[in-house]
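Letter by letter, the chains look like this.
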Amino acid sequence: MLSIVARCVTLCAVLFSCTASAVAVDFQLDAPKAKTVFLAGEMTDWDKAKVPMAKGTDGKWHVRLDLATGQWLYKFVVDGAWITDPVGTQNDADGQGGRHSYVFVGDGDWSARAGVPAGKVDAVAVPSKAWGHPVKLNVYLPPGFQRGQPYPVLLLLHGAGMDADQWYKTGQVHHFMDNLLAQDLIRPFVIVMPSSGTLNYTGVSERFLTEELPLWLKDRYGLSPNVAQSGVAGMSMGGFGAFHLALSHPDRFGIAIALSGFYPQDLLDKVPPITRLPFSFVQLCGTEDPLLGGNRALARALQARGVSFYYREDEGAHTFHYWNQRTPEMLVAAGAFFSRGYVRHNEDMQRLPSAESFAIRGQPVPVTEALWPRLIGKWRGEWILADGSARGRLDQTLTAAGPGNVAGRYSAYDTPDGDKSINVPFSGRQFDTVAGCVGCIRAVDRAGVPYNETVSEEGGHLFRQFAIQYGEVTVVHRLRKMEGYSVIPVTDALWARLVGTWRGEWIVDGSSPRGRMEYVFAAAGPGHAEGRYSAFGTTNGDRDVNVSFSSVVNAIPGCEGCIGSFDKNGSVSLIRTVSEEDDELWLDWKTQYPGATVFVRLRKVGE
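Residues numbered from 1 in each chain as written. Predicted model: local features only at pLDDT ≥ 70, side-chain atom pairs only at ≥ 80, totals over all residues. Heavy atoms only, no water.

J.: Which parts of the structure should I look at to understand the overall build of the chain?
T.: Tallying secondary structure elements over the chain gives nine helices and 39 strands in all. When contacts within the chain are restricted to residue pairs at least 6 apart in sequence, those whose partners lie at least 24 apart make up 62%. On the chain, roughly 25300 Å² of surface is accessible, and the fraction owed to carbon and sulfur atoms is 53%. (Helix = DSSP H or I, 4+ residues; strand = E, 2+ residues; numbered from the N terminus. Contact = heavy atoms within 4.5 Å. Areas by Shrake-Rupley, 256 points an atom, 1.4 Å probe, with all protein chains shown as cover.)

Spelled out as structure tokens, the structure:
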């Protein structure tokens, strides 16, 4: 029998109801005749560090572990035999002929919530000529589903040796969908969970998924989505399947999302020499995952071809604890693509963007007198409309922070109203603690709207996460403290540092159109700069790629870190701001075109 004892005070998390930062979990097994009992699971790297359990006078074995929030798979090892928790109700097939148990620590969107409309999961056996026998399938239908309506469809693939139940029973993906829909973070779409056993979505499995399954979905549910409304996602073997199917059938899948994918060398060898994938690709992997090398190899292969895609590594192993943390991000990414064709991208393998999930980053920081001075300084991140329709950059500088005394400046880029929210001062706001909530700060925004911020720490960096409700619109804000941020004075030493290659992205206000940008400064100094630039993903195709430039540049008096380009009349035509963050050099600027403002952010490569 398993019981969970909360040792830490629960914290209010952004977009989740409440989760705990660390929880003491009691594992118990009634086995009075056993000689030795161990706990083995994702928290012990299974057999490698299995934990001995102590036997009580009542014949029950027990052990208590401190576990982070989320899902953990486990088994008991009784006198050498591996068994599931005989009393626990949460278990599923383990892909090796047995079953594993699992526990959810804390509260999160993996749970069914009272008052939240629930979708329906159809468990069916679909006839298949390709397989020669019926195929087990689970189909998630969102609340209010009506046959024949134009719902998008996400094909969700399991790992090796598993079946359609893995994402349903172990992954609880239906609860995630219900809760994200209720929070207006996604719009309704259908999830189809097929079975492929140990066959990695090639051969008969591929024929079933791309030829037979679409016809069955149209006949059964009236679903016939176009490529812009179709996606494929999966983890482990399913991550391979997501990439392989989208690459092999670009007319069928518009987006592929791979978690901890398995990418053998023969797959890497088959990636064609293309400069643009025929589908949008999101690739995530844990830093302790044994498949990390293959994930990096695929990312490097795509990067070498100049392909636009999104790759990120987060702390985690090849476990459902990691995939549980990524599930909301996977579903929100699919929903954003279906709703407005939006997908994140990055091309720099060595310096990846910070995580963009809706969970708390790292561990919450207690709000004490010691925290207030740490909040002072430069913060950078993004704002996101909760319905996924828009997002943009966000900068904030706090010059004072404490109960009843908060002041500074903020800049909200890519907003629908253009530059109205850029570089706005604020003062007189109130911060205060929230009783019984670790890491929580009660705040009031410039419009007088109260909200809670959560302060957390990960990898030596502070993070702030909060959501503010403006009428019917919810805006999520995520910021990271730029501990090493400083504006660089324009001196002779800086001119020399400008020479070289810069990479980043351009973003049109409203943040919908965006693409890659590369600058190469061949020369830079007072009065003159020259080189070439490339702008990828532009509305006019590749006509802006690899264009040479030569301009008059100088420092702008009274503007720290500012370099201006001057036209022949001596007027400033462009202002670039140079800054340094975490020992990296950055260039930021905005350019006004008729009807649009374009923001550019570049990082010096190899600095």
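J.: I tried to follow empty space enclosed by the protein on my own but got confused; where do I start?
T.: Unfilled space is identified by rolling a water-sized probe across the atoms. Overall, the coordinates contain four cavities of 30 Å³ or more when judged by the stated rule. Put simply, the second largest cavity is a space of about 60 Å³. Looking at the second largest cavity, the residues that line it are Trp495, Leu498, Phe521, Ala524, Ala529, Val553, Ile563, Arg576 and Leu587. Of all the secondary-structure elements, those providing two or more residues to the lining of the second largest cavity are helix H9 (492-498) and strand E33 (514-525). The class makeup of the residues in the lining of the second largest cavity is eight nonpolar, no polar and one charged. (1 Å grid on protein atoms, 1.4 Å probe; cavity = no way out; pocket = protein on both sides within 12 Å on 5 of 7 lines; lining within 4 Å. Points joined across faces, edges and corners; volume = space filled by probe spheres on them. Nonpolar A, V, L, I, M, F, W, Y, C, P; charged D, E, K, R; others polar.)

J.: Help me understand helix H2 (residues 173-182) in this model?
T.: Note that an α-helix has 3.6 residues per turn; residues three or four places apart therefore point the same way. Among the ten residues in H2, nine count as buried, and that is most of the element. Looking only at H2, the buried set comprises Val173, His174, His175, Phe176, Met177, Asp178, Asn179, Leu180 and Leu181. Following H2 by one or two positions, Asp184 has its phi on the positive side, about 60°. (Buried < 20%, exposed > 50% of the residue type's maximum accessible area, 1.4 Å probe, protein only.)

J.: Honestly, the pairing of strand E15 (residues 153-157) in this entry has me stumped. Any pointers?
T.: Successive side chains on a regular strand alternate, one facing one side of the sheet and the next facing the other. The element E15 is largely enclosed, with a buried count of five among its five residues. Here E15 shows no split at all, with Val153, Leu155 and Leu157 on one side and Leu154 and Leu156 on the other all buried. Relative to strand E17 (residues 230-235), E15 is paired through five bridges, and the arrangement is parallel. Bridge pairing in E17 places Leu156 opposite Ala233. (Pairing = 2+ DSSP bridges.)

J.: I tried to follow the sheet that holds strand E13 (residues 120-126) on my own but got confused; where do I start?
T.: Think of a sheet as strands paired side by side through backbone hydrogen bonds, with each pair either parallel or antiparallel. Taken in spatial order, the eight strands line up as E13-E14-E16-E15-E17-E18-E19-E20 in an open sheet, and their pairing is mixed. For this open sheet the edge positions go to E13 and strand E20 (310-314), each flanked by a neighbour on one side alone. Between one strand axis and the next, the sheet turns through 15° on average, direction left out of account. As judged from the four bridges shared by strand E14 (residues 135-141) and strand E16 (residues 190-194), these two strands associate in the antiparallel manner. The residue of E16 that forms the bridge with Tyr140 is Ile191. In the packing of H2 onto the sheet, contacts are made with E13, E14, E15 and E16, and the angle to E14 comes to roughly 15°. Packed onto the sheet, helix H4 (residues 237-248) meets E15, E17, strand E18 (255-259) and strand E19 (280-286) and runs at close to 150° relative to E17. (Axes fitted to C-alpha atoms, helices over the stretch in contact; angles between N-to-C directions.)

J.: Can you walk me through the packing of helix H3 (residues 203-221) against H4 in this structure?
T.: Describing two packed helices takes the angle between their axes plus the distance from one axis to the other. Running from N to C, H3 and H4 point in directions that differ by 60°, and their axes come no closer than 12 Å. Looking at the two axes, H3 sits oblique to H4. In the packing of H3 onto H4, the handedness of the crossing is right-handed. Residues Glu206, Leu209 and Thr210 of H3 lie in contact with H4, whose contacting residues are His244, Leu245 and Ser248. (Parallel < 35°, antiparallel > 145°, perpendicular 65-115°, else oblique. Left-handed = near helix turned anticlockwise from the far one by under 90°.)

J.: I would appreciate a short explanation of helix H7 (residues 320-340) in the present structure.
T.: For H7, which comprises 21 residues, the first-to-last C-alpha distance of 29 Å matches the rise-based estimate of 30 Å (1.5 Å per residue) to within 8%. At Arg326, H7 shows its maximal bend, which comes to roughly 40°, and the proline Pro328 appears one to four places after that position. Counting buried positions over the 21 residues of H7 gives 18, a clear majority of the element. Once H7 ends, the next one or two residues include Gly341, with phi positive near 70°. (Expected span 1.5 Å × (residues − 1). Bend = angle between axes of the 7 residues up to and from the residue.)

J.: Help me understand the packing of aromatic side chains in this model?
T.: Two measures describe an aromatic ring pair: the distance that separates the ring centres and the angle between the ring planes. Tallied over the full model, the rule gives 23 aromatic pairs. Cluster of aromatic residues (ring-pair linked, three or more members): Tyr519, Phe521, Tyr533, Phe549 and Trp589. Cation over ring: Arg464 sits above Trp379, and NZ or CZ is 4.7 Å from the ring centre. The ring of Trp589 is capped by Arg576, whose NZ or CZ atom sits 5.2 Å from the centre of that ring. (Phe/Tyr/Trp six-rings, centres within 6.5 Å; stacked < 30°, edge-to-face > 60°. Lys NZ or Arg CZ within 6 Å of the ring centre and 35° of its normal.)

J.: Looking at this structure, how should I read the environment of Leu155?
T.: With respect to the secondary-structure elements, Leu155 resides in strand E15. For Leu155, a relative accessible area of 5% corresponds to the buried category. For Leu155, the residues in contact, after removing those within four places along its chain, are Val192, Pro194, Leu209, Leu213, Gly231, Val232, Ala233, Leu245 and Phe253.

J.: Would you explain unusual backbone geometry in this entry?
T.: The phi dihedral of Asp79 is positive, around 50°, even though this residue is not glycine. Relative to the helices and strands, Asp79 is located in the loop between strand E9 (70-78) and strand E10 (81-83). Phi is positive for Ser236, which is not a glycine, with a value near 60°. When you line up the elements, Ser236 lands in the loop between E17 and H4. Among the residues examined, Ser236 registers a relative accessible area of 13% and is labelled buried.

J.: Explain the pattern of salt bridges here, please?
T.: Where side chains of opposite charge bring their charged atoms close, a pairing between them can arise. Under the defined criterion, the tally for this structure stands at 21 salt bridges. A salt bridge links Asp26 to Arg64; the shortest N-O distance between them is 2.6 Å. Of this pair, Asp26 sits in strand E4 (residues 22-30) while Arg64 sits in strand E8 (residues 60-68), and the two are 38 residues apart along the sequence. Taking relative accessible area as the criterion, Asp26 reaches 12% and is therefore assigned buried. We note a salt bridge from Arg464 to Glu453, for which the minimum N-O separation is 2.8 Å. With Arg464 in strand E29 (residues 461-470) and Glu453 in strand E28 (residues 450-458), this pair connects stretches of sequence that are eleven residues apart. (Salt bridge = Lys/Arg side-chain N within 4 Å of Asp/Glu carboxyl O.)

J.: I would appreciate a short explanation of the pairing of E17 in the present structure.
T.: Counting buried positions along E17 gives six out of six residues, so the element sits mostly inside the fold. Alternating positions in E17 separate into two faces, Ser230, Val232 and Gly234 on one and Gly231, Ala233 and Met235 on the other, with burial throughout. The handedness of the E17 to E18 crossover, carried by H4, is right-handed. (Right-handed = clockwise from strand over helix to strand, strands pointing away.)

J.: Hey, could you run me through the confidence of the model for the chain in this one?
T.: In low-pLDDT segments, the atomic positions of the prediction should not be examined closely. In the predicted model, the chain carries a mean pLDDT of 82, and 86% of its residues have values of at least 70. Low pLDDT (under 50) marks residues 1-21, which in the prediction has 79 contacts with non-local residues, meaning those over four places away or in another chain. Across residues 347-359, where pLDDT falls below 50, the model places 47 contacts with residues more than four positions away in sequence or in other chains. (pLDDT = per-residue confidence, 0-100.)

J.: Honestly, the packing of H2 against H7 in this entry has me stumped. Any pointers?
T.: Orientation of H2 relative to H7, taken along the N-to-C sense of each, is 55°, at an axis distance of 10 Å. On the basis of the axis angle, H2 is oblique to H7. Both H2 and H7 take part in a crossing whose hand is right-handed. Within the contact between the two elements, H2 uses Val173, Phe176, Met177 and Leu180 and H7 uses Asn324, Thr327, Pro328, Leu331 and Val332.

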